[in-house]
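# Close look at the chain arrangement
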Amino acid sequence: MSSVVSAVPAASQIPEVNKDPVSCIPWPIPPPNPGLDIKYNKIFISNEWVDACDGEEIDDVNPATEKVITKVAYGKQADVDRAVAAASKAFQPSSKWRRMDASDRGVLINKLADLIDANKCYLACLESLDCGKPYTHSFFMDTGVSKILRYYAGWTDKMHGKTLPVDGDYLSYTLVQPVGVCGLILPWNVPLISLCMKIGPALCCGNTVVIKPNEQTPLSALYIASLAKEAGFPEGVFNVVPGGPEAGAAMASHSGINKISFTGSIAVGRKIEESSAKTNLKRLTLELSGNCPNIVFADADLDYAVENAHQAVFMNQGQLCTAGARTFVQEDIYDEFVAKSVARAARRIVADPFQLHSEQGPQISQKHLDSILGYVKSGIEEGAKLECGGSRHGSTGYYMQPTVFSNVTDTMRIAKEEIFGPVQCIFKFKTVEEVIQRANNTEYGLAAGIFTKDVSVALEMAKALESGTVWVNCYNAFAVQSPFGGLKMSGKGKEMGEESLREFSDVKTVTLKLPQIQNISIGTGSTVQYSTPKVSPN
Ligand code: NAD
């Protein structure tokens, strides 16, 4: 099997006996434990668990039951200060971490990956409990993050500078060095994946980190902190401050933090850019929102395209930055595509995340569910045709019915903004030129999909679409080797792949003036006369 992690396991890759008869998800998997013990809910600094300086805690809510899972320490400026001090100390030139062999950093990162694998079932349950993701998805997708860490563990001793052929009598070379203390700010929709996409390259390059998970989903980052301690990372290398906007803002303006890697909304990305500009001009990686086009041509395999377009939107409760929320369908197949998509959405199993057949859990919060319902209302008011869904599902838990709109036009709010929910908007198009123009007519530029059998159309489209990633005849097919990041307002910089190492390292130039050597003894005492080298004017 290729190393590409597809969002939907290709049916052909799973032997029939290993498939769940309803969801077609590989089967069996270890049974989940919804009643798992929550082991960590404090702030993690210098390998110790501490309360917030002011003692504040907030409720962490299970979106499926609306009940409190646990209270979690709520960090703010003073806690960020403590964590940054610990991370700065661990970054001193004489520290254990800085003096460690690069390959030993790789050993530690690999140990962390091993511990993630050993605790896969627990971590998957934790992520499902905290975010509402179906356990099967958490198990197969989210806990697959050990692969990310192993990729970066392999890079630790392969990052090196160059010797430069400069003019004059100089030796000039470059060193590739860590940036320093890195602030990693996480979203709630993919907390574990986002965490590992950041710590992999950050630790690989020898940085120290202060992590701030989203206030709604702090549990997996706290558990990974305990595994980092168990793996043997020295004190202060790995710190986690659960908290909200106050802690995030404190990190963005902190003069002790040299770099922020942020995943979240454009609005907060903008604030981080402003804070950084007003303080110490931090280096920034911003992974921001999307509203991605997924384009289906009339020659595509219809059933395959319908299923993939469905998963492209509804995966992770529709809460993926890469969600192919704008489904463009060529006019010849439009009506049939809509009918099949509606039938598929109607079959989607919305159920408790711990039921193994569940394809869709709850949205993250009541506030977010209300925002999605607001978009549905605006779609109806602006004249789109509500084909199915459109309402809350059930009365407990923040569940939403899988929703499909047809006859969506480009000026509607549901076409222009990121809904971030299980709502598929289907647009009609005629020509390649037209669909390129319409797909690009947005401030976002994260990802795009194309379904066609015509390779020349696919290649032409892949060049023309203004997005950081283009998938052809697949969707959400991620691989750690492939860089990921947005164009336009969907972000700056890249995560994953070799490119991410550049985000977490600096290149330093070292130049030495060479001594002027006139006589050099070679071998058995014979002396070779050299003329005096020309002295450089500088
Ligand atoms: P958000 O922007 O509301 O919050 C993200 C993080 O920023 C949280 O940890 C939050 O506490 C923190 N924060 C809030 N205010 C802050 C401030 N003033 N300064 C610093 N930090 C602050 O985003 P979210 O709701 O957690 O995530 C959903 C959004 O993330 C969606 O728009 C989605 O598209 C985007 N996202 C993008 C990617 C990507 O790779 N491009 C991946 C996942 C999610």
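The structure displayed is predicted, hence computed values, not measured ones.

Here we come to the UniProt feature "domain: Aldehyde dehydrogenase" (unreviewed entry) in the protein. Using the residue numbers shown here, the UniProt feature "domain: Aldehyde dehydrogenase" (unreviewed entry) corresponds to residues 49-510. Along residues 49-510 one finds 39% helix and 19% strand; the C-alpha atoms at either end are 41 Å apart.

Strands in a sheet are paired, the pairing made by backbone hydrogen bonds, and the direction either parallel or antiparallel. One open sheet holds the seven strands; their spatial order is S14-S15-S16-S13-S12-S17-S18, and the pairing between them is mixed. Both outer strands of the open sheet, strand S14 (385-388) and strand S18 (469-472), are each paired with one neighbouring strand and no more. Strand-to-strand twist in this sheet, taken as the mean axis angle between neighbours without regard to direction, amounts to 20 degrees. Here S14 runs beside strand S15 (residues 403-406); their pairing, made up of three bridges, is antiparallel. The partner of leucine 386 across the bridge, within S15, is phenylalanine 405. Docked against the sheet, helix H11 (residues 302-314) engages strand S12 (293-296), strand S13 (326-330), S15, strand S16 (423-429) and strand S17 (447-451), running at close to 130 degrees with respect to S16. Sheet strands in contact with helix H16 (residues 455-464) are S12, S17 and S18, and its direction is about 165 degrees off that of S17.

With that out of the way, let us pick up the sheet that holds strand S6 (residues 170-178). Across the sheet, three strands lie side by side as S5-S6-S20; this open sheet has antiparallel pairing. The sheet terminates laterally at strand S5 (163-164) and strand S20 (505-513), the two strands that pair on one side only. For S5 and S6, the ladder comprises two bridges, and the chain directions are antiparallel. Each residue of the ladder has a partner; that of threonine 163, found in S6, is tyrosine 173.

Looking now at the packing of aromatic side chains. One pass over the structure, following the stated rule, counts 16 aromatic pairs. Aromatic rings pair up to connect Tyr40, Phe44, Trp49, Tyr122 and Tyr223 into one cluster. Lysine 39 extends its terminal NZ or CZ atom over the ring of tyrosine 122, reaching a point 4.6 Å from the ring centre.

Let us now look at the pattern of salt bridges. As enumerated under the stated definition, the model contains 25 salt bridges in all. Lysine 212 is the salt-bridge partner of glutamate 215, the closest N and O atoms lying 3.8 Å from each other. The class of glutamate 215 is partly exposed, set by a relative accessible area of 26%. Judged by its relative accessible area of 4%, lysine 212 falls in the buried class. A salt bridge links glutamate 273 to lysine 492, with the shortest nitrogen-to-oxygen separation between them at 2.9 Å. Linking glutamate 273 in helix H10 (residues 266-278) with lysine 492 in strand S19 (residues 491-492), this pair joins segments that are 219 residues apart in sequence.

Parameters and conventions
Residues numbered from 1 in each chain as written. Predicted model: local features only at pLDDT ≥ 70, side-chain atom pairs only at ≥ 80, totals over all residues. Heavy atoms only, no water. UniProt positions renumbered as here; feature names shortened; annotations may be inferred. Helix = DSSP H or I, 4+ residues; strand = E, 2+ residues; numbered from the N terminus. Pairing = 2+ DSSP bridges. Axes fitted to C-alpha atoms, helices over the stretch in contact; angles between N-to-C directions. Contact = heavy atoms within 4.5 Å. Phe/Tyr/Trp six-rings, centres within 6.5 Å; stacked < 30°, edge-to-face > 60°. Lys NZ or Arg CZ within 6 Å of the ring centre and 35° of its normal. Salt bridge = Lys/Arg side-chain N within 4 Å of Asp/Glu carboxyl O. Buried < 20%, exposed > 50% of the residue type's maximum accessible area, 1.4 Å probe, protein only.

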